[in-house]
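A look at the structure
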Amino acid sequence: MHKHGIALAIALAFGFGHAFAADAMSRDTYKAEKDKIEATAKADKKACEPMKDNAKDICQAEAKAKEKIAKAELDAQNKPGPKADEKVAKMKAEGTYEVAKEKCEDQKGDGMMACKKDAKAAYDKAKADAKTATATKKAEEKKKS
């Protein structure tokens, strides 16, 4: 249930970010949004405190990932472009990877190693896809110029 809420929040934040992508924001607006992200992250991390063992580690990894993604999206709103979009994609990949690694800790032995290997492969693919998408966007922008 908790991970669905995080996924929804990330999706909403991503959609919200693209609504304002055309306009760079003022310094005050940027600071206010960043403060809001940090306050949300602090609350998310505090919600993890009563949890135990690996569930707590997973919760903390999710909170940290959500914060990193939200900050990257804020930066992309403030200074839009292919590089900013790549950074957002990489932060999403990194967040997914960190959470997946924590979830792998619930397994034992070979299962845990296979889980971590799969998580790393998915992370590497997502990073490569982000880089490819950036190169494609840059090439398209160059053609338009």
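Quick caveat: nothing in here was measured; it's all calculated off a predicted structure.

**What about the side chain of Glu-86?**
In this structure, Glu-86 sits in helix H4 (residues 82-104). The class of Glu-86 is buried, set by a relative accessible area of 6%. Setting aside chain neighbours within four positions, we find Glu-86 in contact with Ala-130, Lys-131 and Thr-134.

**What about the state of the cysteines?**
In total, this model carries 2 disulfides according to the counting rule given. There is a disulfide in this structure between Cys-48 and Cys-59, and the S-S distance comes to 2.0 Å. One disulfide, between Cys-48 and Cys-59, carries an S-S torsion of -80 degrees and so falls in the left-handed class. Highlighted residues: Cys-48 in helix H2 (residues 27-48) and Cys-59 in helix H3 (residues 53-78), separated in sequence by 11 residues. What makes Cys-59 buried here is its relative accessible area of 2%. Paired through a disulfide, Cys-104 and Cys-115 show a sulfur-sulfur distance of 1.9 Å. Taking the sign of the torsion about the S-S bond as the criterion, the disulfide between Cys-104 and Cys-115, at about -75 degrees, is left-handed. Of this pair, Cys-104 sits in helix H4 while Cys-115 sits in helix H5 (residues 109-144), and the two are 11 residues apart along the sequence. You'll find Cys-104 and Cys-115 in the same group, each marked buried. Each bonded cysteine of the protein is numbered by sequence order, and under that numbering the disulfide pairs are 1-2, 3-4.

**Considering the environment of Ala-130**
Checked against the element boundaries, Ala-130 lands in helix H5. In this structure, the C-alpha to C-alpha distance between Ala-130 and Lys-87, residues 43 residues apart in sequence, is 8.1 Å. Discounting residues that sit within four places of it in the chain, Ala-130 has contacts with Glu-86, Ala-89 and Lys-90.

**Side note on the packing of aromatic side chains**
Throughout the structure, instances matching the rule amount to 1 aromatic pair. Summarising the aromatic geometry, the rings of Tyr-97 and Tyr-123 are spaced 4.6 Å apart at their centres and angled 5 degrees between planes, so their arrangement reads as stacked. Separated by 26 residues along the polypeptide, Tyr-97 in helix H4 and Tyr-123 in helix H5 bring together distant segments of the chain. Note on Tyr-97: relative accessible area 14%, which makes it buried.

**A word on the pattern of salt bridges**
Within the structure shown, the criterion is met by 17 salt bridges. Taking the shortest distance from any N to any O, the salt bridge between Glu-86 and Lys-90 comes out at 3.0 Å. Note that Glu-86 and Lys-90 are positioned in helix H4 at a spacing of 4 residues, about one turn of the helix. The network of salt bridges with common partners includes Glu-38, Lys-45, Glu-67 and Lys-71.

Scoring rules and cut-offs
- Residues numbered from 1 in each chain as written.
- Predicted model: local features only at pLDDT ≥ 70, side-chain atom pairs only at ≥ 80, totals over all residues.
- Heavy atoms only, no water.
- Helix = DSSP H or I, 4+ residues; strand = E, 2+ residues; numbered from the N terminus.
- Buried < 20%, exposed > 50% of the residue type's maximum accessible area, 1.4 Å probe, protein only.
- Contact = heavy atoms within 4.5 Å.
- Disulfide = S-S within 2.5 Å.
- Phe/Tyr/Trp six-rings, centres within 6.5 Å; stacked < 30°, edge-to-face > 60°.
- Salt bridge = Lys/Arg side-chain N within 4 Å of Asp/Glu carboxyl O.

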